[in-house]
Amino acid sequence: MSARFDAAVVGAGLAGSAAAAILASAGRRVLLLEQEIFPRHKVCGEYLSPSAQAPLSRLGLLAEIDGLGAEQIREGSIHVPGTPEVSFRLPRGARGVSRYRLDALLASHAGRTGAEVRFAARVTQVEGDPGDFRFRVKHGGGDEEISARAIIAAHGRWNALDKDEAQAAAHSPRRHLAWSRDYLADESLAGRVRLYLFPGGYCGLSRVEGGIVHLAGVIAERERRRIPPGWEAVVAHAAAANADLSRDLSRLHPGPGGFLGTGPVLFTAMPPVQRGMLMAGDAAGMLDPFSGEGQSSALSGGILAAETIEAFLVGAIRPERLADAWTAVWRGSFGTRFRAGALLRRLMLRPGIASAARRLAGESVVRLALRTMLGPSLTSD
């Protein structure tokens, strides 16, 4: 007889662990499955925007994250080639913490609240519908059949659970590649985040725990093809086009570990429900990293998905209405963010246009873009 759970959550990143913790704290029998082994490094901006405070507080983790030594970020600047920088303040404050520490903390929290957590576990052959899902899990050299009344898919960009969508995205002309690396601790960026535009992409510098400086960026695949191999060449391309980035990088010393890279990345919304499974976090679509809202949205999305599943489990949502219910919640919470991100990306990936817009309309055009992305947490310097 297969093991039976109220809910299975696939992926122990921010969305998945948040969802598992909420459901487990409600007394549900929850299985959290992750195909990797934590802790592990991950390509990410490692920036928790001010809007992340609410979901982290809901999870009861804000103090623990600060206990990790998270960088407290209160101000920042955006650097468009050929124009003076635009500075801004974040009165509510942001935080910088590595995914190496953050993901492990979230998964551990899900386990402490009562979820059964399995690492190095890969889900295959999902069948059934809400109320009666059956799937197989490869784990520890074995192959186990498991059943669950509901599934939240929070596995990241894509995997075998949504291969049809992944294949469609793989042929998109709007694909991007992403990279990150760490530099040794440096005081020049204490409490700050700096964003830099360059032809075909953008990147950012900010500190995480221990004062380590983290660099993360994205570049359009079409632009990447014009550059010699290696991420060093991509950074050199960016620095050659943006004097402020070149200046700031010249002050830093590379840390151990080198570059991490990933791709293809497609910044677009995906169907919120696939085969009856609720998609959450990046599995439901990747927000443009320039907004700084990716991690906050993943946490919020995981919590909202868990609340929707809980409503289903108590009978407030009928099985045949679950997909519509989650689609409405997801679109109401994140639809505007994706639409705004798509419009701003066209500006940010073309710094020549951004420079011209600023010369014609002044600093206000760049500040408007920042306010659209960062919302009420932003004030002028």
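Residues numbered from 1 in each chain as written. Predicted model: local features only at pLDDT ≥ 70, side-chain atom pairs only at ≥ 80, totals over all residues. Heavy atoms only, no water.

Q: Before we go on, may I ask you to explain the overall build of the protein in this structure?
A: The helix and strand tally for the protein stands at 12 helices and 17 strands. Buried residues in the protein amount to 56% of all 381 residues. Pairs at least 24 residues apart make up 70% of the contacts formed inside the protein by residues separated by at least 6 positions. (Helix = DSSP H or I, 4+ residues; strand = E, 2+ residues; numbered from the N terminus. Buried < 20%, exposed > 50% of the residue type's maximum accessible area, 1.4 Å probe, protein only. Contact = heavy atoms within 4.5 Å.)

Q: Even after reading the chapter, I still don't get the packing of helix α1 (residues 14-25) against helix α4 (residues 99-113), so can you show me in this structure?
A: The angle between the axes and the distance between the axes are what describe a pair of packed helices. Taken N-terminus to C-terminus, the directions of α1 and α4 make an angle of 20°; their axes are 8 Å apart at the nearest point. One finds that α1 runs roughly parallel with respect to α4. Between α1 and α4 the crossing geometry is left-handed. The segment α1 lies against α4, with Leu-14, Ser-17, Ala-18, Ala-20, Ala-21, Ala-24 and Ser-25 engaging Arg-99, Leu-102, Asp-103, Leu-106, Ala-107, His-109, Ala-110 and Thr-113. The residue makeup of the contact of α1 with α4, split by class, is 9 nonpolar, 4 polar and 2 charged. (Axes fitted to C-alpha atoms, helices over the stretch in contact; angles between N-to-C directions. Parallel < 35°, antiparallel > 145°, perpendicular 65-115°, else oblique. Left-handed = near helix turned anticlockwise from the far one by under 90°. Nonpolar A, V, L, I, M, F, W, Y, C, P; charged D, E, K, R; others polar.)

Q: Got a minute to help me understand the environment of Gly-191 in this structure?
A: Mapped onto the fold, Gly-191 is located in the loop between β10 (176-183) and β11 (192-198). By relative accessible area, which is 12% here, Gly-191 ends up buried. On a C-alpha basis, the gap between Gly-191 and Arg-74 in space is 5.6 Å, while along the polypeptide they are 117 residues apart. Setting aside its immediate chain neighbours within four residues, Gly-191 contacts Glu-71, Gln-72, Ile-73, Arg-74 and Glu-75.

Q: Looking at this structure, I do not really get α1. What am I missing?
A: Residues that lie three or four places apart on an α-helix share one face, since the helix turns once every 3.6 residues. Helix length check: α1 (12 residues) gives 16 Å between terminal C-alpha atoms against 16 Å at 1.5 Å per residue, within 8%. In terms of burial, α1 is largely enclosed, as 11 of its 12 residues are buried. Burial in α1 covers these residues: Leu-14, Ala-15, Gly-16, Ser-17, Ala-18, Ala-19, Ala-20, Ala-21, Ile-22, Leu-23 and Ala-24. The secondary structure elements touched by the buried residues of α1 are β1 (3-10), β2 (30-33), α2 (53-59), α4, β9 (142-153) and α9 (294-313). Positioned one or two residues after α1, Gly-27 has a phi angle of 90°, which is positive. (Expected span 1.5 Å × (residues − 1).)

Q: Teacher, can you tell me more about the packing of α1 against α9 here?
A: At a minimum axis separation of 7 Å, α1 and α9 run at an interaxial angle of 35°. Both α1 and α9 take part in a crossing whose hand is right-handed. Across from Leu-14, Ala-15, Ala-18, Ala-19, Ile-22 and Leu-23 in α1, the residues of α9 making contact are Gln-295, Ala-298, Leu-299, Gly-302, Ile-303, Ala-306, Ile-309, Glu-310 and Leu-313. Tallied by class, residues from the contact of α1 with α9 come to 12 nonpolar, 2 polar and 1 charged.

Q: I'm lost on unusual backbone geometry in this one. Help?
A: Only a minority of non-glycine residues have a phi that is not negative, and only a minority of peptide bonds are not trans. Cis geometry is found at the peptide bond from Phe-38 to Pro-39, where omega equals -5°. A cis amide bond links Gly-263 to the next residue, Pro-264, at an omega of -5°. With respect to the helices, strands and loops of the structure, Pro-264 is situated in strand β14 (residues 260-265). You will see that Gln-125, though not glycine, has its phi angle at about 55°, which is positive. Structurally, Gln-125 is set in strand β7 (residues 121-129). Classification of Gln-125 as exposed rests on a relative accessible area of 56%.

Read these as geometric descriptors, not functional statements.
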